[in-house]
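Chain by chain, the residues:
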Amino acid sequence: MYDPVQLRTFLTVAQTLSFTQAAARLGVRQSTVSQHVRRLEEATGRPLFVRDTHSVGLTEDGEALLGFARTILEAHERAAAFFAGTRLRGRLRFGASEDFVLTRLPEILEGFRQEHPEVDLELSVELSGTLHERLDAGRLDLVLAKRRGPDDERGRLVWRDRMVWIGAEGLRVDPERPVPLIVFPPPGITRARALEVLEREGRAWRIACTSGSLSGLIAAARAGLGVMAHTRGLIPPGLVRVGGLPELGPVEFALLQGRRPTPASEALAAAVLAGGDRLSRPA
């Protein structure tokens with residue numbers, strides 16, 4: 001009833017919230033993406049996306065289909081791997097941004113290890129800026145991290161969202177005083193974005209807390225020490241959006257390969273792309 005090709009297209013649109021970006025990732029025309037979605041909507045008898053000239057969003061039925069689509073595609077991939085009779089081996093150095101510590105990324109990695117038990121997976125959790133540096137230096141094989149900016153088109157887009165200001169519930173930022181910031185140390189991409197936006201708007205700021213770990217930043221924010229820039233879809237429990245500050249703009253997360261892609265890095269990249277919707281919400 002449900003064509004795996006159409007389901008893969010559906011998941012890609014759901015992750016990128018863009019028919020254009022989905023077409024680019026899949027290597028097909030935008031009209032093909034629209035056709036796949038239309039046929040899937042005909043098969044389900046339900047609208048899956050809400051679309052206008054500026055945005056794309058999932059309907060409730062589209063949200064419901066996410067889990068089913070992922071399960072069907074994973075079953076297809078397991079069957080293909082079984083009958084192909086090939087086993088991946090070797091070492092794979094994978095780097096993931098701090099942003100994904102509290103998401104369902106561990107589920108994706110667990111599934112990969114079960115499918116490829118002879119791959120020695122080494123995981124590094126770092127700031128996105130640090131991961132970019134380590135990849136460029138040849139010390140990582142595959143990286144899942146924020147893109148460096150709006151002009152950065154490296155890698156394969158996994159997920160697009162917006163950045164927002166968050167803090168403890170009830171926190172108010174006094175417009176007459178410097179904005180108290182809770183930030184990663186350099187070369188944090190989120191830190192750079194926050195400072196750039198405030199400087200551009202002429203808002204004074206001060207560093208209230210610096211931590212190299214997301215858990216440290218969350219603890220400081222829950223204590224009411226200040227505000228932090230964070231991805232809208234991954235706001236941790238106990239924290240809420242804070243208004244009265246300049247817009248931070250969009251953020252994109254991408255998969256970047258090292259100079260010499262391997263079958264193992266390609267397999268993990270495929271698993272992350274297939275399960276990208278798990279990364280867009282906290283565990």
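The rules we used
- Residues numbered from 1 in each chain as written.
- Predicted model: local features only at pLDDT ≥ 70, side-chain atom pairs only at ≥ 80, totals over all residues.
- Heavy atoms only, no water.
- Patch = residues over 30% accessible without salt bridge, like charges linked within 9 Å, V, L, I, M, F, W, Y side chains within 5 Å.
- Areas by Shrake-Rupley, 256 points an atom, 1.4 Å probe, with all protein chains shown as cover.
- Salt bridge = Lys/Arg side-chain N within 4 Å of Asp/Glu carboxyl O.
- Helix = DSSP H or I, 4+ residues; strand = E, 2+ residues; numbered from the N terminus.
- Buried < 20%, exposed > 50% of the residue type's maximum accessible area, 1.4 Å probe, protein only.
- Axes fitted to C-alpha atoms, helices over the stretch in contact; angles between N-to-C directions.
- Parallel < 35°, antiparallel > 145°, perpendicular 65-115°, else oblique.
- Contact = heavy atoms within 4.5 Å.
- Nonpolar A, V, L, I, M, F, W, Y, C, P; charged D, E, K, R; others polar.
- Left-handed = near helix turned anticlockwise from the far one by under 90°.
- Expected span 1.5 Å × (residues − 1).
- Phe/Tyr/Trp six-rings, centres within 6.5 Å; stacked < 30°, edge-to-face > 60°.
- Pairing = 2+ DSSP bridges.

Visitor: Quick question: what am I supposed to make of a nonpolar patch on the surface here?
Guide: A grouping of Val101, Leu102, Leu123 and Val125 is seen on the molecular surface, where their side chains present a nonpolar patch of about 310 Å² in accessible area. The topology assignment puts Leu123 in strand β4 (residues 119-126). Leu123 sits in the partly exposed class, given a relative accessible area of 45%.

Visitor: Help me out: how do you make sense of the packing of helix α2 (residues 19-26) against helix α3 (residues 30-44) in this one?
Guide: The angle between the axes and the distance between the axes are what describe a pair of packed helices. Contact geometry of α2 with α3 gives a least axis separation of 8 Å together with a crossing angle of 105°. Our classification of the angle between α2 and α3 gives roughly perpendicular. Contact with α2, carried on its side by Phe19, Thr20, Ala22 and Ala23, involves Gln30, Val33, Ser34 and Val37 of α3 and no other residues of that element. Counted by class, the contact of α2 with α3 contains 5 nonpolar, 3 polar and no charged residues.

Visitor: Before we go on, may I ask you to explain the packing of helix α1 (residues 4-16) against α2 in this structure?
Guide: Here α1 crosses α2 at 125°, and the two axes come no closer than 8 Å. It follows that α1 is oblique to α2 by the angle criterion. Read as a crossing pair, α1 and α2 show a hand that is right-handed. Across from Arg8, Thr9, Thr12, Val13, Gln15 and Thr16 in α1, the residues of α2 making contact are Phe19, Gln21, Ala22, Arg25 and Leu26.

Visitor: What should I look at first to understand helix α9 (residues 263-274) in this one?
Guide: What sets the pattern is the α-helix's 3.6 residues per turn: residues three or four places apart point alike. In this model α9 runs 16 Å from its N-terminal to its C-terminal C-alpha over 12 residues, within 8% of the 16 Å that 1.5 Å per residue would give. For α9, every residue scored as buried is listed here: Ala264, Ser265, Ala267, Leu268, Ala269, Val272, Leu273 and Ala274.

Visitor: Would you take a moment to explain unusual backbone geometry for this structure?
Guide: Residues other than glycine predominantly adopt negative phi, and peptide bonds predominantly adopt the trans conformation. In this chain, Pro186 is followed by Pro187 through a cis amide linkage whose omega measures 5°. Counting through the fold element by element, Pro187 comes out in the loop between β7 (179-183) and α7 (189-201). Positive phi, close to 50°, is recorded for Leu17, a residue that is not glycine. Take Leu17: it is sitting in the loop between α1 and α2.

Visitor: Even after reading the chapter, I still don't get the environment of Arg113, so can you show me in this structure?
Guide: By secondary structure assignment, the location of Arg113 is in helix α5 (residues 105-115). What makes Arg113 partly exposed here is its relative accessible area of 38%. When the C-alpha positions of Arg113 and Arg193 are compared, they lie 35 Å apart, and in sequence the two are 80 residues distant. Not counting chain neighbours up to four residues away, the residues in contact with Arg113 comprise Val119 and Leu121.

Visitor: What am I meant to see in helix α6 (residues 128-136) here?
Guide: Across the 9 residues of α6, 7 count as buried, placing the element largely inside the fold. Along α6, the positions that sit buried rather than exposed are Ser128, Gly129, Thr130, Leu131, His132, Arg134 and Leu135. Those residues of α6 hidden inside the fold are in contact with β3 (90-97), β4, β5 (142-146), α7 and β11 (250-257). Downstream of α6 by a residue or two, Gly138 has a phi angle that is positive, lying close to 80°.

Visitor: How should I be thinking about the packing of aromatic side chains in this particular structure?
Guide: Geometrically, a pair of aromatic rings is defined through the distance of the ring centres and the angle of the planes. All chains considered together, the criterion is met by 4 aromatic pairs. Ring geometry for Phe19 versus Phe49: centroids 6.0 Å apart, planes at 70°, classification edge-to-face. Highlighted residues: Phe19 in helix α2 and Phe49 in strand β1 (residues 49-51), separated in sequence by 30 residues. Like Phe19, the residue Phe49 is buried in the burial classification. Ring centres of Phe100 and Phe253 lie 5.0 Å apart, and the angle between their planes is 65°; this geometry places the pair in the edge-to-face category. On the criterion of sequence distance, the pair formed by Phe100 in the loop between β3 and α5 and Phe253 in strand β11 is long-range, its members being 153 residues apart. Summarising the burial analysis for this pair, Phe100 and Phe253 share the class buried.

Visitor: It is not clear to me how the pairing of β4 should be interpreted in this structure. Could you clarify?
Guide: A regular strand places its side chains so that they alternate between the two faces of the sheet. Sheet topology note: the β3/β4 ladder contains 8 bridges and is parallel. The partner of Gly90 across the bridge, within β4, is Val119.

Visitor: When you look at the pattern of salt bridges in this model, what are you seeing that I'm missing?
Guide: When the charged atoms of two side chains lie near each other, side chains of opposite charge can form a pair. Tallied over the entire structure, the rule returns 15 salt bridges. One salt bridge connects Arg91 with Glu122, and the closest N-O pair in it is separated by 3.6 Å. Of the two residues, Arg91 sits in strand β3 while Glu122 sits in strand β4, which places them 31 residues apart along the sequence. Here the salt bridges do not stand alone but share partners, grouping Asp136, Arg148 and Arg154 into one network.

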